[in-house]
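So the chains spell out like this:
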Amino acid sequence: MSANLQLDDVACPFCGLLCDDLRVAVAQDELTVVANGCPISTPAFASLAPNGPATPRVAGRAATLREAATAAAAILRQARQPLFAGLGTDVGGMRQALELADRCGAVLDHMNAESTLRNLLALQDEGLIATTLSEARNRADLMLIVGTDVVSRYPRFFERVVWNPETLFGLNGAKREVVYLGEVVNTAPGVAPDGRLPWVVSCAPSRLGELIGALRCVLADRPMDARGAGGVPMDTVKALADKLRRARYGVAVWTSADFSFPHAELVVQSLCELIKELNRETRFCGLPLAGNDGDVTANEVHVWQTGFPFRTSLGRGYPEYDPYHHCAARLLARGEADALVWISSYSDRRPPPPTDVPTVVLGRRGLELPREPEVFIPVATPGVDHAAHLFRADKAVVVRLGQLRESPLPSVAQALAAIEEAYS
Ligand code: SF4
């Protein structure tokens, strides 16, 4: 498989869109995107050239997988409060992580939990009328992009979902309208194929809540004694409300990772309420984008196995969800966790946090490390070194990603299974 060849219709694991149309050239172990790449996927595939040793290490010395697994199991056996964090893995890896965490009573938290929770907290409180990438692509006549340019994190979003010429129900995708809300940097992808410019309503991210609240007021015909909201004049707020109300199928798109200001979950909550308000008069849905570093996948597996999202403890023999107390950074800072298992199989730039507690790292070959961990097991990258399943950003589809090259490395699931066997 690793001889020189060219693979078509490759699914890409490097953001939640999981584009499945890449053409990738494989020369020995090096991977080059030759068609349908993007500013994230092209360098990401190129960076997968083997770098760093392929053998596990215990206390910095080369070891076999069995020796590393035995050392990791000994750390977990001695720990009173183990912590499984990072969790950058696929469905199989996350299932195995939950199985081992259940055995040793660990807390689980994902490296992207901070941003994921902005959506989860709002969802748990208010619910969301959500749509999928396919529905948006086939039905949306208006895209309301809130607090993000989208493309910095999901570079092919406009190409694949907004300006696609083909739709299933006769909608002309090229005729959609795009409205940006916020301080967005790159609005060029929002220019329609016929040259129409997007409408950009400028508003500081921390004031988006004000603006959305005013839109809700206007839509509900409640009196508002104000000249503007969130720095946006009232005439513009009214015109915007009118545009949203006239959409036949509007879609509000946001990426909670870009809502990095205090209490951002309240903005998401307000957005969810705006969408409900709009559904009194028309059809409008939310499309929160996520799925990088396997965050959507890890959470979906976590929910179906335990009934709760991550930041859950399995320490008492049953799941206890607590988004505050079970935050990995907090547990480590307060000395409440005494062992860390860090999983990062996609990027070599998502290292474990600096900590003195005994640490087991299941990481990509060449992963940047703040210090030599007690145990390091280099693991395969899902969808590259082994076949894998990942949830797409909209959680509606699980995509199967193929194996692109031979690899001597174990998958996260295999490495964790070896630790569990040694733990028994
Ligand atoms: S947009 Fe995302 S899934 Fe698509 S090629 Fe780029 S990184 Fe990969």
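Below: a short report on this structure. (Residues numbered from 1 in each chain as written. Predicted model: local features only at pLDDT ≥ 70, side-chain atom pairs only at ≥ 80, totals over all residues. Heavy atoms only, no water.)

Let's shift gears to the overall build of the chain. For the chain, the helix and strand inventory stands at twelve helices and 21 strands. Radius of gyration (C-alpha) of the chain: 23 Å, near the 22 Å computed for a compact globule of 424 residues. Across its three principal directions, the C-alpha atoms of the chain cover 70 × 50 × 30 Å. For the chain, restricting intrachain contacts to residue pairs at least 6 apart in sequence, the fraction spanning at least 24 positions comes to 63%. Here the chain has roughly 17,700 Å² of accessible surface; of this, 49% comes from carbon and sulfur atoms. Charged side chains in the chain number 42 positive and 49 negative. The centres of these two groups are separated by 2 Å. (Helix = DSSP H or I, 4+ residues; strand = E, 2+ residues; numbered from the N terminus. Rg over C-alpha atoms; globule rule 2.2 N^0.38 Å. Contact = heavy atoms within 4.5 Å. Areas by Shrake-Rupley, 256 points an atom, 1.4 Å probe, with all protein chains shown as cover. Lys, Arg positive; Asp, Glu negative; His and termini not counted. Charge placed at Lys NZ, Arg CZ, Asp CG, Glu CD.)

On to the packing of helix α3 (residues 91-104) against helix α12 (residues 412-423), then. For the pair α3 and α12, the least separation of the axes is 8 Å and the interaxial angle reads 20°. Taken together, the axis directions place α3 and α12 in an arrangement best described as roughly parallel. Two packed elements cross with a definite hand, and for α3 against α12 that hand is left-handed. Counted together, Gly-92, Gly-93, Gln-96, Ala-97, Glu-99, Leu-100, Arg-103 and Cys-104 of α3 and Val-412, Ala-413, Leu-416, Ala-417, Ile-419, Glu-420 and Tyr-423 of α12 form the full contact between these two elements. (Axes fitted to C-alpha atoms, helices over the stretch in contact; angles between N-to-C directions. Parallel < 35°, antiparallel > 145°, perpendicular 65-115°, else oblique. Left-handed = near helix turned anticlockwise from the far one by under 90°.)

What follows concerns the sheet that holds strand β9 (residues 177-181). Ordered by their spatial adjacency, five strands build an open sheet running β10-β9-β8-β13-β14, and the pairing between neighbours is parallel. Of all strands in the sheet, those bounded by a partner on one side alone are β10 (199-201) and β14 (283-288). Each adjacent strand pair in this sheet contributes to an overall mean axis angle of 20°, direction not counted. Pairing between β9 and β10: three bridges, direction parallel. If you follow Leu-181 over to β10, its bridge partner there is Val-201. (Pairing = 2+ DSSP bridges.)

Phi at Gln-28 takes a positive value of approximately 55°, unusual for a residue other than glycine. Mapped onto the fold, Gln-28 is located in the loop between β2 (22-27) and β3 (30-35). Its identity as a non-glycine residue notwithstanding, Asn-36 has a phi of 65°, on the positive side. By secondary structure assignment, the location of Asn-36 is in the loop between β3 and α1 (41-46). Since its relative accessible area comes to 36%, Asn-36 is described here as partly exposed. (Buried < 20%, exposed > 50% of the residue type's maximum accessible area, 1.4 Å probe, protein only.)

In the vicinity of the ligand, the contacting residues are Cys-12, Cys-15, Leu-17, Leu-18, Cys-19, Leu-22, Cys-38, Ile-40, Ser-41, Pro-155 and Arg-156. Tallied by class, residues from the shell around the ligand come to nine nonpolar, one polar and one charged. (Near = heavy atom within 4 Å. Nonpolar A, V, L, I, M, F, W, Y, C, P; charged D, E, K, R; others polar.)

If you trace the three strands from one edge of the open sheet to the other, you get β1-β2-β3, paired in antiparallel fashion. The open sheet is flanked by β1 (5-10) and β3, the only strands paired with a single partner. On average, adjacent strands in this sheet sit at an angle of 30° to one another, irrespective of strand direction. Strand direction decides the pairing type here: β1 and β2, joined by four bridges, are antiparallel. Directly across from Val-10, in β2, lies its bridge partner Leu-22.

Within the largest apolar cluster, 82 residues are counted, with the highest numbers of intra-cluster contacts made by Phe-45, Phe-84, Met-143, Phe-157, Phe-158, Leu-362 and Ile-419. Sequence-distant contacts of Ile-419, defined by excluding residues within four places in its chain, comprise Ala-69, Ala-72, Ala-73, Leu-76, Leu-100, Val-360, Leu-362 and Ile-377. Counting residues in hydrophobic clusters, the runner-up holds 36 residues, among them Val-201, Met-234, Ala-241 and Phe-284. (Core = buried A, V, L, I, M, F, W, Y, C linked by side-chain atoms within 4.5 Å.)

Our focus in this paragraph is the side chain of Thr-312. Counting through the fold element by element, Thr-312 comes out in strand β15 (residues 312-313). Among the polar contacts listed, one links the side chain of Thr-312 to the backbone oxygen of Pro-309, at a separation of 2.7 Å. Not counting residues up to four positions away in its chain, the partners in contact with Thr-312 are Ala-106, Val-107, Leu-108, His-302, Pro-319, Glu-320, Tyr-321 and His-326. (Polar contact = N/O pair within 3.5 Å; in protein donor to acceptor, adjacent residues only side chain to side chain.)

Attention shifts here to the pairing of strand β6 (residues 82-88). Counting buried residues along β6, seven of its seven residues qualify, which places the element largely inside the surrounding structure. The sheet contact formed by β6 and strand β17 (residues 339-344) spans five bridges and is parallel. The partner of Leu-83 across the bridge, within β17, is Leu-340. Bridging between β6 and strand β7 (residues 107-110) involves four bridges; their strand directions are parallel. Paired with Leu-83 across the strands is Val-107, a residue of β7.

Here Asp-394 lies in the loop between β20 (388-391) and β21 (398-401). Here Leu-133 takes part through its backbone nitrogen, which lies 2.8 Å from a polar atom of the side chain of Asp-394. Excluding residues that lie within four positions of it along the chain, Asp-394 makes contacts with Thr-131, Thr-132, Leu-133, Ser-134 and Leu-287.

Between side chains of opposite charge, pairing is possible as soon as their charged atoms come close. Under the criterion given, the structure shown has 29 salt bridges. The partner of Arg-311 in a salt bridge is Asp-109, and the shortest N-O contact between them spans 3.1 Å. Separated by 202 residues along the polypeptide, Arg-311 in the loop between α10 (295-306) and β15 and Asp-109 in strand β7 bring together distant segments of the chain. Exposure class is identical for Arg-311 and Asp-109. Each is buried. In the salt-bridge network here, residues are joined through shared partners; they are Asp-20, Asp-21, Arg-156, Glu-159 and Arg-160. (Salt bridge = Lys/Arg side-chain N within 4 Å of Asp/Glu carboxyl O.)

Read these as geometric descriptors, not functional statements.
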